[in-house]
Amino acid sequence: MDLSNRTTETLITAGIGIAVVIALRVTLDFAYNRYETRLERRDPGAVARRRTTFHFARRIGVALVATIAVWSVLSLYDITSEIAKALLASSAVLALFAGLAFSTPLSNLGSGLLVAFTQPLRLGDRITVDGETGFVEEMALIYTTLVTDDARRVFVPNTQLTTSKIINRTIRDPRRLISAQFPVSIETPIDEAREALLASITTLPGTNGESARVLVGDIVDRTVWLQVATYGPMNADVVSLVSDLRELGLRALREKGFLAA
């Protein structure tokens, strides 16, 4: 086969491979959307679970097809073809694959696959891993991306998701906690201070007023610390809401003369 024919065959093979990869992705997305449309009404709570499994499985499928396409292109050349045949025929191939199986990249791939199907976390969940808290934005083959409250993107290796403790703040209670502490004098009537705080924070926009509560915290140097807590939706701007909560609480206690000196 002369150079021009081989180049033509290479371009055709590469083009077919790219077309197959694109077609596979489009077909999988279309089939998933059709499937999800039918099931969403019956079991809306399982949407995140199915979406997480599908996205990771789709990545693996596309990666496998792309690998086959690249292998097909390389097999057209004598040098790469002979190297591949020699490698597969040698007795060292088993040792090579065993070594690769325990290497970091494939360990991340295996861990990601395990997490995608066991699902201690799902896309969109708010989790904490090794002190980093954020929403699961993406689960790639090697890394899982978290978006923190201050818009940082934290890339967590998938192996860490199977070897570290994960705190999932969404699965059972998909709300965001908004809380603050207020100091009042020890002579303050606690019931009146609690009523004043509740009356102020139940009107805080973006929160669930019915979930608001006031608890008695520490007592230090004739000062009682009242812990105020309420909840907002998962997409709440917690930093701004906590600031508004403090402002409302301080104003209510100041008007009543309950703030500790």
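Residues numbered from 1 in each chain as written. Predicted model: local features only at pLDDT ≥ 70, side-chain atom pairs only at ≥ 80, totals over all residues. Heavy atoms only, no water.

A. Layout of the packing of helix H7 (residues 190–201) against helix H8 (residues 238–256). Where H7 contacts H8, the axes come no closer than 9 Å and their chain directions differ by 140°. The pairing of H7 with H8 is recorded here as oblique in orientation. Two packed elements cross with a definite hand, and for H7 against H8 that hand is right-handed. Residue-level contacts link Ala193, Ala196, Leu197, Ser200 and Ile201 of H7 to Leu245, Leu248, Gly249, Ala252, Leu253 and Lys256 of H8. Classifying every residue of the contact of H7 with H8 by side-chain character gives 8 nonpolar, 2 polar and 1 charged. (Axes fitted to C-alpha atoms, helices over the stretch in contact; angles between N-to-C directions. Helix = DSSP H or I, 4+ residues; strand = E, 2+ residues; numbered from the N terminus. Parallel < 35°, antiparallel > 145°, perpendicular 65-115°, else oblique. Left-handed = near helix turned anticlockwise from the far one by under 90°. Contact = heavy atoms within 4.5 Å. Nonpolar A, V, L, I, M, F, W, Y, C, P; charged D, E, K, R; others polar.)

B. A look at the sheet that holds strand S2 (residues 132–139). Across the sheet, 5 strands lie side by side as S4-S3-S2-S1-S5; this open sheet has antiparallel pairing. The sheet is open, and its two edges are formed by strand S4 (153–157) and strand S5 (166–168), each paired on a single side. Averaged over all pairs of adjacent strands, the angle between strand axes in this sheet comes to 40°, irrespective of strand direction. (Pairing = 2+ DSSP bridges.)

C. Structural view of the sheet that holds strand S8 (residues 223–232). Reading across the sheet, the 3 strands line up as S6-S8-S7 and stay open at both edges, with antiparallel pairing between neighbours. Among the strands making up the open sheet, the edge pair consists of strand S6 (176–185) and strand S7 (208–220). Recorded for the sheet is a direction-independent mean angle of 20° between the axes of neighbouring strands. In terms of strand pairing, S6 meets S8 through 10 bridges, oriented antiparallel. In the strand pairing of S8, Gln181 is matched with Gln227. Where H7 meets the sheet, its contacts fall on S6, S7 and S8, and the angle it forms with S7 comes to roughly 140°.

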